[in-house]
Amino acid sequence: AADKINLIPQDFFAELCEQIIQHLNHKIPGVNTAELCQRIQTSGIEINVGELAKIANIISLLFSTAARNNLSTEELITTLSNAVSALPKHAVQVIRHVWNEQGKSISVSEDARNMATVGQFVDIKWKLGVAMSSDTCRSLKYPYVTVTLKVADPSGQITEKSFEMTIPQFKNFFRQFKEMAAVLETV
Amino acid sequence: MAAVREGEFAALQSLLKAPSKDAVRQLCQECFSSPPAGLGPLAQRACPGLAAGPEEAEQLVSALHNLTRHIVYRGLTRAEDILALFPENFHQNLKNLLTKIILENISAWRNEAQASQISLPRLVDMDWRVDIKTSSDNIRRMAVPTCLLQLKIQEDVALCGNSPVVSALTMELSKETLDTMLEGLGRIRDQLSAVANK
């Protein structure tokens, strides 16, 4: 996966590192790997989401380890060169710059948010639709709710999951969350 | 869903050889529910019961499938509309029996058609739990309430056929993200009310 770093243009790599550090700083809920990958692919680079995710994980681990050990920028670069051979010059430059600007502000531990062992819910997008007709029923008029849930997986990368619900299902779905909130109030 | 052709109605008359009305009923249900690809095997199973050769059975099963699906597609719910589909010289008793059977099943068949139409993955189950995080390797004492949610999602029925794939999506919600969820769902609810009142 490390060789694939060569393929990523500098500005995209900078964006990736920025997102990773912002995630470690709890400024953003996760890294938009899939979205970034799509943009990289659109610009003609052949890299898939899995490969980009691996690279993001490596960088994330690098930054969080460096933060825990209070490494200076030079120490970080040295560690990096020992760990990853033949890193392209522009990548090293980006890492150096990002660490200089924001590395010191990464607070390690002392935070309940660092313990994610399960995906963290980030956001919900929704759509209310009515299916008018299909190959099986000419006149349907069947209402349904579509939602897309954004979840930041334990490694900090954002994934989306979309699904449909009937109206009764949606009402039950809503009711369950209200119950959860009620329980949360009492503990 | 094309209209049923003359020749197909002729094939339906093979049902006159059926052993009982229940056998006809059963065959109607199986022919409706079967996807086109399953009609061949279904015909083979139906053969012996109908004392019909393989070719005759295939034509019958295909005709019954097309007739029932056509009626569901058109959304016909009245006896007169269904009776009107049959040609003039069609066997009266058989026509009445088929119409009766179809009317009995039309509602369930419509639901079946709706359930198997193309769609995004569907939510099939939801489980949740509220926990309190009391301690970790980094923080000795705390009391952070958190929700754990597991959604079971079934992938597109049309693609999976008879063995649907169900995946589990597990996630954690904090008080803040739970509020985000509630806000989003509340807006959906408001929209539903607005649409219902129109």
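Here the structure is a predicted model, which is why all the values come from computation and not from measurement.

Thresholds, definitions, all that
Residues numbered from 1 in each chain as written. Chains lettered and ligands numbered in written order. Predicted model: local features only at pLDDT ≥ 70, side-chain atom pairs only at ≥ 80, totals over all residues. Heavy atoms only, no water. Helix = DSSP H or I, 4+ residues; strand = E, 2+ residues; numbered from the N terminus. Rg over C-alpha atoms; globule rule 2.2 N^0.38 Å. Buried < 20%, exposed > 50% of the residue type's maximum accessible area, 1.4 Å probe, protein only. Contact = heavy atoms within 4.5 Å. Areas by Shrake-Rupley, 256 points an atom, 1.4 Å probe, with all protein chains shown as cover. Lys, Arg positive; Asp, Glu negative; His and termini not counted. Charge placed at Lys NZ, Arg CZ, Asp CG, Glu CD. Axes fitted to C-alpha atoms, helices over the stretch in contact; angles between N-to-C directions. Parallel < 35°, antiparallel > 145°, perpendicular 65-115°, else oblique. Left-handed = near helix turned anticlockwise from the far one by under 90°. Nonpolar A, V, L, I, M, F, W, Y, C, P; charged D, E, K, R; others polar. Domains from an automatic or database assignment. Salt bridge = Lys/Arg side-chain N within 4 Å of Asp/Glu carboxyl O. 1 Å grid on protein atoms, 1.4 Å probe; cavity = no way out; pocket = protein on both sides within 12 Å on 5 of 7 lines; lining within 4 Å. Points joined across faces, edges and corners; volume = space filled by probe spheres on them.

### Overview of the overall build of chain A
Argument step 1. In terms of helices and strands, chain A carries six helices and three strands.
Argument step 2. Expected size for 187 residues packed as a compact globule is a radius of gyration near 16 Å; at 21 Å, chain A overshoots this value by more than 25%.
Argument step 3. Taken along the three principal axes of its C-alpha coordinates, chain A extends 65 × 50 × 20 Å.
Argument step 4. Taking all 187 residues of chain A together, the buried fraction comes to 47%.
Argument step 5. A separation threshold of at least 6 residues defines the contact pool for chain A, and within that pool the share at least 24 residues apart is 55%.
Argument step 6. Approximately 9,500 Å² of chain A is accessible, and the part contributed by carbon and sulfur atoms is 51%.
Argument step 7. Separation of charge centres in chain A, based on 18 positive and 19 negative side chains, amounts to 7 Å.

### Re the packing of helix H3 (residues 49–68) of chain A against helix H5 (residues 89–102) of chain A
All names here are of chain A.
Argument step 1. Interaxial distance between H3 and H5 falls to 12 Å at its minimum, and their mutual angle equals 40°. Taken together, H3 and H5 sit at an angle that is classed as oblique. You can see that H3 and H5 cross each other, and the crossing is right-handed. Along the contact surface, H3 presents Ile59, Leu62, Phe63, Ala66 and Ala67, while H5 presents Ile95, Val98 and Trp99.
Argument step 2. For the contact of H3 with H5, the residue count by class is eight nonpolar, no polar and no charged.

### Some details on the domain arrangement of chain A
All names here are of chain A.
Argument step 1. Looking at chain A, the domain boundaries give domain 1 (1–115) and domain 2 (119–185).
Argument step 2. Each of domain 1 and domain 2 has a C-alpha centre, and these two points are 32 Å apart.
Argument step 3. Between domain 1 and domain 2, the contact holds nine residues from the first and six residues from the second.
Argument step 4. In this structure, the connection of domain 1 to domain 2 is made through zero salt bridges.
Argument step 5. Of the residues forming the side of domain 1 that touches domain 2, the biggest block, three residues, is contributed by H3.

### Points about the domain arrangement of chain B
Argument step 1. Domains assigned within chain B are domain 1 (6–116) and domain 2 (122–197).
Argument step 2. Spacing between the C-alpha centres of domain 1 of chain B and domain 2 of chain B amounts to 43 Å.

### Comments concerning empty space enclosed by the protein
Residues and elements named next belong to chain A.
Argument step 1. Applying the stated criterion across every chain yields a total of one cavity of 30 Å³ or more.
Argument step 2. The volume enclosed by the largest cavity comes to roughly 30 Å³.
Argument step 3. As for the largest cavity, its lining consists of Ile20, His23, Val31, Ala56, Asn57, Ser60, Ser155 and Gln157.
Argument step 4. Of all the elements in the fold, those that place two or more residues in the lining of the largest cavity are helix H1 (10–24) and H3.
Argument step 5. Among the elements that line the lining of the largest cavity, the one with the most residues is H3, at three residues.
Argument step 6. Each residue belonging to the lining of the largest cavity can be placed in one class, and the counts come to three nonpolar, five polar and no charged.

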